[in-house]
Amino acid sequence: MKTQVFGDIRVDSIPEYDWSIAPGDMLVGATPEGVAEHEHWLGPRLVEPGTRNLKGRSHAYLIRTRHHTILFDTCCGNDKERPYYPEWHRMRTPFLENLARAGVRPEQVDFVMCSHLHADHIGWNTRLQDGEWVPTFPNARYLISKGEFEWWRDAFKTGSVKPYRKLSWDDSVLPVVDRGLATFVEDDYRFENEMPDEVRYMPLHGHTKHHCGLYLCSRSRDAIFSADAIHHPIQLARPEWVNDGYDNAAASQVIRDLITRCIDTSTKLLTTHFAAPTVGRVVSEAGHTRFRFDED
């Protein structure tokens with residue numbers, strides 16, 4: 001992704017790794033045959049030829065305003081015990097080196113914005129140091145939805161979620177909470193609101209109960225960071241195909257609402273799992289909803 005500039009705000013993508021996955025393993029109801037119906041417009045960047053696996057990327061966004069340096073989500077992280085998902089298990093990626101190439105050291109990050117608390121969005125909250133999980137960004141405030149945190153805390157207490165979910169809670173959430181670096185916020189929290197800039201949480205509930213994206217605007221140029229509200233461009237054509245989560249009907253409606261909000265406007269959609277270049281606009285083409293990457 002090339003650097004995006006919205007008025008006085010700069011945004012860069014910090015990549016972690018690229019992947020491909022069978023349609024039904026990512027999206028409820030998706031099949032290779034269903035993907036084939038859309039392969040002509042998705043192309044090899046988004047669909048793996050032959051297998052019809054869906055291609056994507058894990059990355060974070062680095063947001064620099066006039067006042068703050070913000071990291072939106074923190075991917076999977078290195079060295080994490082994730083035996084339930086081999087691709088994430090004990091990963092070794094140059095994520096911090098990629099951050100450095102963008103001109104930022106971990107201690108320079110002011111805010112880490114957690115869209116939700118799934119393992120592949122909080123992994124770099126911490127890193128392994130001398131056998132202990134320590135905050136990667138020691139001077140940052142880690143912003144977490146109060147409702148999201150409380151829902152997961154209570155779910156672990158009652159045993160209403162699968163036990164493997166607690167691995168990321170223990171190594172990527174509790175260490176920043178226990179060290180007093182977490183700030184629990186409402187789902188519409190504004191953490192930059194000095195004209196002409198606006199940066200705020202944007203409720204996109206469904207994937208998790210309190211899943212949130214981010215809305216950014218500066219000098220009349222705006223963007224929506226969609227996080228896990230949408231995983232792949234094919235969902236713009238098939239919004240009923242969602243990644244299995246807390247409330248799939250609500251998650252599907254969020255996609256429809258994003259389409260209505262963004263289609264044929266100047267609002268950019270900065271996605272968390274689309275293949276590079278990850279950012280673009282929702283457009284209508286011959287009566288169909290499509291994603292036009294920024295380079296197109």
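The notes below deal with the structure included here. (Residues numbered from 1 in each chain as written. Predicted model: local features only at pLDDT ≥ 70, side-chain atom pairs only at ≥ 80, totals over all residues. Heavy atoms only, no water.)

Between its terminal C-alpha atoms helix α8 (residues 248–262) stretches 21 Å, which fits the 21 Å expected from 15 residues at 1.5 Å a residue. Contacts from the buried residues of α8 go to β13 (221–227), α7 (234–237), β14 (268–271), β15 (279–285) and β16 (288–293). A side-chain oxygen of the first residue of α8 lies 3.3 Å from the backbone nitrogen of Ala249; this N-cap is Asp247. Downstream of α8 by a residue or two, Asp264 has a phi angle that is positive, lying close to 55°. (Helix = DSSP H or I, 4+ residues; strand = E, 2+ residues; numbered from the N terminus. Expected span 1.5 Å × (residues − 1). Contact = heavy atoms within 4.5 Å. Polar contact = N/O pair within 3.5 Å; in protein donor to acceptor, adjacent residues only side chain to side chain.)

Taken as a whole, this structure holds 22 salt bridges when the rule is applied. Ionic pairing is found between Glu240 and Arg238, a salt bridge with its closest N-O pair at 2.4 Å. You can call Glu240 partly exposed: its relative accessible area is 35%. In this structure Arg238 comes out as partly exposed when scored by relative accessible area, which is 23%. The shortest N-O distance in the salt bridge between Arg292 and Glu285 comes to 3.2 Å. One network of salt bridges, with partners in common, ties together Lys2, Lys268 and Asp294. (Salt bridge = Lys/Arg side-chain N within 4 Å of Asp/Glu carboxyl O. Buried < 20%, exposed > 50% of the residue type's maximum accessible area, 1.4 Å probe, protein only.)

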